[in-house]
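A closer look at the structure
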Amino acid sequence: MAKKVIVLSGASSVGKGKIKQLLLQDKELDLRSVISMTTRPKKENEVDGNDYYFVDYTYFAKAVKDKALYEYTEFNGYYYGTLKSEIDFWLKQGKNILVEVEAQGVGPLKLNIPEAVCFFVVPTSMEELEKLIHEKYNDDAASERMRINKAKMEMEIAPLFNNQITNDSPERAYEEIKEITLREWAKLEEDEK
Ligand code: 5GP
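Here's the deal with the sheet that holds strand β8 (residues 117-122)
- One open sheet holds the five strands; their spatial order is β2-β7-β1-β8-β9, and the pairing between them is parallel. With partners counted over all chains shown, the strands left at the sheet margins are β2 (31-33) and β9 (163-166), one partner each. Taken pair by pair, the neighbouring strands of this sheet meet at an average axis angle of 30°, ignoring direction.
- Pairing analysis gives four bridges linking β8 to β9, with the strands arranged parallel. Looking across to β9, one finds that Phe119 is bridged to Asn163.

Thoughts on the packing of aromatic side chains
- Taken as a whole, this structure holds eight aromatic pairs when the rule is applied.
- Ring geometry for Phe60 versus Tyr72: centroids 6.1 Å apart, planes at 70°, classification edge-to-face. Of this pair, Phe60 sits in helix α2 (residues 57-65) while Tyr72 sits in strand β5 (residues 69-75), placing them twelve residues apart in sequence.
- For Tyr72, a relative accessible area of 43% gives the class partly exposed.
- Taking the centre distance of 5.5 Å and the plane angle of 35° together, the rings of Phe60 and Tyr79 count as tilted. Placement of Phe60 in helix α2 and of Tyr79 in strand β6 (residues 78-83) is noted, with a sequence separation of 19 residues between them.

Definitions and limits used
Residues numbered from 1 in each chain as written. Predicted model: local features only at pLDDT ≥ 70, side-chain atom pairs only at ≥ 80, totals over all residues. Heavy atoms only, no water. Pairing = 2+ DSSP bridges. Helix = DSSP H or I, 4+ residues; strand = E, 2+ residues; numbered from the N terminus. Axes fitted to C-alpha atoms, helices over the stretch in contact; angles between N-to-C directions. Phe/Tyr/Trp six-rings, centres within 6.5 Å; stacked < 30°, edge-to-face > 60°. Buried < 20%, exposed > 50% of the residue type's maximum accessible area, 1.4 Å probe, protein only.

In short, the description is geometric, and any link to function would need to be established separately.
Right, here's the structure in full:
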């Protein structure tokens, strides 16, 4: 059975969340969201087991040692990782899945799941992105600076991605991702025949 996997990544704070939401609501794509594991503290509006699996460092370190993750990274002092069990669970049931990771996670995922269609969301300009980060983290100067620096690094590697999607509007970006995905999945099915 063809592995139908979308990997959604992008520059820090570029607005992947809204695009992800639109993709998950799409009946034709029929995606399941893969839940990552993190050591980051849960925010008030988040639900354990829905937004992330919130765990402590000891638990995360054991998952790394046990090779339970397809990839993991450290960001802003916290660890984030993609559980093999989460992906394998959905794929075994023949479901289509969406994995959201920051830029460093894309390479290892593509190595483990070569069929994955990977997208890197970029802003209309670096100035626009700095504005978005400022709006989001204006009460925390250290976080703001770090996210801007990370976004700058991510924008440098953006050209390495086959599918760069400009977030000029979340609806348009979602439509473009959908179109490319359906085309790639059709090719996968053809190859399987
Ligand atoms: P946040 O703390 O804002 O929820 O996430 C911070 C960053 O970590 C985001 O760019 C998000 O895409 C990324 N992220 C979330 N889960 C994973 C994961 O499992 N692996 C990797 N590499 N990045 C992740």
